Amino acid sequence: MIKHLEVRTSSRVQLLDITPQIKKLLISEDVIQGVVFIYVPHTTCGITINENADPGVRQDILETLDHLAPEDADYKHLEGNADAHIKASLIGSSITLFVENGTPVLGTWQGVYLAEFDGPRQRSILVKVVPT
Amino acid sequence: MIKHLEVRTSSRVQLLDITPQIKKLLISEDVIQGVVFIYVPHTTCGITINENADPGVRQDILETLDHLAPEDADYKHLEGNADAHIKASLIGSSITLFVENGTPVLGTWQGVYLAEFDGPRQRSILVKVVPT
Amino acid sequence: MIKHLEVRTSSRVQLLDITPQIKKLLISEDVIQGVVFIYVPHTTCGITINENADPGVRQDILETLDHLAPEDADYKHLEGNADAHIKASLIGSSITLFVENGTPVLGTWQGVYLAEFDGPRQRSILVKVVPT
């Protein structure tokens, strides 16, 4: 079964920590050991793993992406969010995590982030847990 | 079993929509519910998910990548396609999708694209469907 | 079961070929056919697939990433490795490969690389093989 997480982002670009929701979902799914696939069905946001301590890291990631794909460059796509589409393909739409003892296997400094590039918005995150 | 899709790209850089082929393959595989892994066994193309409506989005993605890794920069690799290798690592070689009711679970605006960076060429795409 | 590979990188940025270790692990796991997930539990390195022949390709990838996220730019994160975090999110923390005849399915020119962005360091790589 695919589980749906609904989150709300609060600014145009944002790395929103969804680690607590993933952990909670795994508990409710009651899967002890396996693989969890996390997928965003959107084209202007992505999903990534990065540092959960200093919030400066998240700012640096977002600002560098703004530099690589500026919001106001001369794009063909005229909806004002071409940069968001580009960033989504650079970051990617899905991640795979392992599950052990009912919890996602993450490094000490790792958190799971929805990478919002065209917010603020309501976003869906699809999650599938496969026991192994 | 791994299934092979063969496609032909038509220009040096191109985002080629392979969503119809993925859907067709899922029908022939007769998997109702599961996970599908899509992988390119090449080092100068990648695979990504992005907008299936305005083709301008694809152009913007390709042009921004050209800007980040220009074809004619001063590279160590002298085969004229160093930029294609770099773009392949930025975009990634594989994606994971969910399957429900025998069809890939995609957002309204999502299409699956082979990201050609050193075409035109014949390209193989490897697909594995795992029922869950 | 999750298997752990331990490797040591030898410079600040490096694409370290881990293909031999992955092949060896698959042999010891005795899985003939399946999917293998490879994951780095770190936030300043990634994992990618690229050319296994000309080492110039690896240099070009690393130098372009240095150009996109320079080590000495004006970052919020003050530990001197903000660029490494950014590159990790651009490259990604995991890859998925297929297994056939007990060996990873790779294209002729493909190798699997740990992408070190803040070395030299000891790094862990988590691997899970799922028979299918």
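Sequence order sets the numbering: in each chain, residues are counted from 1 along the sequence as written. For naming, the first written chain is A and the first written ligand is 1, with later ones following in the order written. Reporting in this predicted model follows two pLDDT cut-offs: at least 70 for local features of residues, and 80 or more for side-chain atom pairs to be given and counted; totals over whole chains, interfaces and linings ignore these cut-offs and use all residues. Note: side-chain values were computed over all heavy atoms of the structure, leaving out hydrogens and water.

## Describing the overall build of chain A
Part 1 of the reasoning: Within chain A, the regular secondary structure consists of three helices and eight strands.
Part 2 of the reasoning: Put simply, chain A runs from its N terminus to its C terminus through helices and strands in the order β-β-α-β-β-α-α-β-β-β-β.
Part 3 of the reasoning: We compute the radius of gyration from the C-alpha atoms alone; for a globule the expected value is 2.2 Å times N to the 0.38, where N is the number of residues. Against the globule reference of 14 Å for 132 residues, chain A gives a C-alpha radius of gyration of 15 Å, in line with a compact fold.
Part 4 of the reasoning: Across its three principal axes, chain A shows a C-alpha extent of roughly 50 × 30 × 20 Å.
Part 5 of the reasoning: Relative accessibility under 20% of the residue-type maximum defines a buried residue, over 50% an exposed one, and the middle range a partly exposed one, all with a 1.4 Å probe and only protein chains included. Split into buried and exposed, the 132 residues of chain A put 63% on the buried side.
Part 6 of the reasoning: Contacts are assigned to residue pairs with any non-hydrogen atoms lying within 4.5 Å of each other. For chain A, the share of sequence-separated contacts (at least 6 apart) that also reach a separation of at least 24 residues comes to 83%.
Part 7 of the reasoning: Here, Shrake-Rupley sampling with a 1.4 Å probe gives the accessible areas, and only protein chains in the shown set may cover a residue. Counting only carbon and sulfur atoms, one obtains 51% of the accessible surface of chain A, whose full area is about 5,100 Å².
Part 8 of the reasoning: The centroid of the 11 positive side-chain charges in chain A is displaced by 7 Å from the centroid of its 17 negative side-chain charges. Put simply, DSSP marks the helices as runs of H or I at least four residues long and the strands as runs of E at least two long, and each gets a number from the N terminus on. The sign given to each residue is positive for Lys and Arg and negative for Asp and Glu; His and the chain ends receive no count. In plain terms, the charge of a residue is placed at NZ if it is Lys, CZ if Arg, CG if Asp and CD if Glu.

## Quick look at the pattern of salt bridges
Once the charged atoms of two side chains with opposite charge are near each other, the side chains can pair.
Part 1 of the reasoning: When a carboxyl oxygen of Asp or Glu lies within 4 Å of a side-chain nitrogen of Lys or Arg, that pair is called a salt bridge. Counted according to the given criterion, the structure contains 26 salt bridges over all chains.
Part 2 of the reasoning: Through salt bridges with shared partners, a single network forms among Arg12(A), Asp66(A), Glu71(A), Asp83(A), Lys87(A), Asp118(A) and Arg121(A).

## Section: the relation of the copies chain B and chain C
Between the two copies of the chain lies a relationship made up of a rotation around an axis and a movement along it.
Part 1 of the reasoning: The copies were overlaid by least squares, fitting only the C-alpha atoms of residues that reach a pLDDT of 70 or more in each copy. When chain B is fitted to chain C, the residual RMSD is 0.0 Å, and the transformation amounts to a turn of 120 degrees plus an axial shift of 0.0 Å. Such a combination of turn and shift is consistent with a three-fold rotation axis. Among all residues of chain B, the one whose C-alpha sits closest to the rotation axis is Leu90(B), at a distance of 3.5 Å.
Part 2 of the reasoning: Of the residues that chain B buries at the interface, just 15% are likewise interface residues in chain C, meaning the two copies contact each other through different surfaces.

## A short note on the interface of chain A and chain B
By convention, interface size is frequently given as the accessible area that disappears when the constituent parts associate.
Part 1 of the reasoning: Every contact between the two is made by 27 residues of chain A and, on the other side, 31 residues of chain B.
Part 2 of the reasoning: Here the quantity called buried area is the total loss of accessible area, with a 1.4 Å probe, experienced by two parts when brought into contact, counted for both. Considering only the side of chain A, the residues that lose the most area to chain B are Tyr39(A), Lys76(A) and Ser89(A), jointly responsible for 26% of the buried surface there.
Part 3 of the reasoning: Counting every contact that joins chain A to chain B gives one salt bridge.
Part 4 of the reasoning: The partner of Lys76(A) in a salt bridge is Glu63(B), with the nearest N and O atoms 3.3 Å apart.
Part 5 of the reasoning: Between N or O atoms, a polar contact is any pair within 3.5 Å; within protein, one atom must be a potential hydrogen donor and the other a potential acceptor, and residues adjacent in sequence are included only when both atoms are from side chains. At the boundary of chain A with chain B, the tally comes to 12 residue pairs in polar contact (both at pLDDT 80 or more).
Part 6 of the reasoning: Here the side of chain A that touches chain B gets six residues from one element, more than from any other, and that element is helix H3 (residues 82-91) of chain A.
Part 7 of the reasoning: Note that Gly is not counted as nonpolar here; it falls among the polar residues with everything else outside the nonpolar set of Ala, Val, Leu, Ile, Met, Phe, Trp, Tyr, Cys and Pro and the charged set of Asp, Glu, Lys and Arg. Here the side of chain A that touches chain B is composed, by residue class, of 17 nonpolar, eight polar and two charged.

## Quick word on the confidence of the model for chain A
Part 1 of the reasoning: Residue-level confidence of the predictor is what pLDDT reports, using numbers from 0 through 100. Averaged over all residues, the pLDDT of chain A equals 97, while 100% of them reach at least 70.
Part 2 of the reasoning: Listed scores for the predicted complex are pTM 0.98 and ipTM 0.97.

## A look at helix H3 (residues 82-91) of chain B
Part 1 of the reasoning: Counting buried residues along H3(B), 10 of its 10 residues qualify, which places the element largely inside the surrounding structure.
Part 2 of the reasoning: Taken as a whole, H3(B) has its buried residues at Ala82(B), Asp83(B), Ala84(B), His85(B), Ile86(B), Lys87(B), Ala88(B), Ser89(B), Leu90(B) and Ile91(B).

## Notes on helix H2 (residues 55-68) of chain B
Residues separated by three or four positions in an α-helix point in the same direction, a consequence of the helix having 3.6 residues per turn.
Residue and element names in this part refer to chain B.
Part 1 of the reasoning: Here, expected helix span is obtained from the residue count minus one, scaled by 1.5 Å. Between its terminal C-alpha atoms H2 stretches 20 Å, which fits the 20 Å expected from 14 residues at 1.5 Å a residue.
Part 2 of the reasoning: Those residues of H2 that sit buried are Gly56, Val57, Arg58, Asp60, Ile61, Leu62, Thr64, Leu65 and Leu68.
Part 3 of the reasoning: A distance of 2.7 Å separates the backbone nitrogen of Gly56 from a side-chain oxygen at the start of H2, and that oxygen is part of Asp54.

## Describing the packing of aromatic side chains
Part 1 of the reasoning: Only the six-membered ring of Trp is used, alongside the rings of Phe and Tyr, when aromatic pairs are assigned; centres must lie within 6.5 Å, and planes under 30 degrees apart are stacked while those over 60 apart are edge-to-face, with the rest tilted. On inspection of all chains with the given rule, the structure shows six aromatic pairs over all chains.
Part 2 of the reasoning: Judged by centre distance (6.0 Å) and plane angle (55 degrees), the ring pair of Tyr39(B) and Phe98(C) falls under tilted. Of this pair, Tyr39(B) sits in strand S3 (residues 34-39) while Phe98(C) sits in strand S5 (residues 94-100), each in a different chain.
Part 3 of the reasoning: In this structure Phe98(C) comes out as buried when scored by relative accessible area, which is 1%.
Part 4 of the reasoning: Through a chain of ring-to-ring contacts, three or more aromatic side chains come together here, namely Phe37(A), Phe37(B) and Phe37(C).

## Side note on the interface of chain B and chain C
Part 1 of the reasoning: The partner chain C presents 31 residues to the 27 residues of chain B that form the contact.
Part 2 of the reasoning: Counting the surface lost from both chain B and chain C, the interface buries some 2,300 Å², and carbon and sulfur atoms represent 61% of this.
Part 3 of the reasoning: The tally of links between chain B and chain C comes to one salt bridge.
Part 4 of the reasoning: Linking chain B with chain C are 12 residue pairs in polar contact (both at pLDDT 80 or more), by the criterion used here.
Part 5 of the reasoning: For the side of chain B that touches chain C, the elements supplying multiple residues, two or more each, are S3, H3, strand S5 (94-100) and strand S8 (122-131) of chain B.
Part 6 of the reasoning: With six residues, the top contributor of residues to the side of chain B that touches chain C is H3(B).
Part 7 of the reasoning: The residue inventory of the side of chain B that touches chain C, partitioned by class, reads 17 nonpolar, eight polar and two charged.

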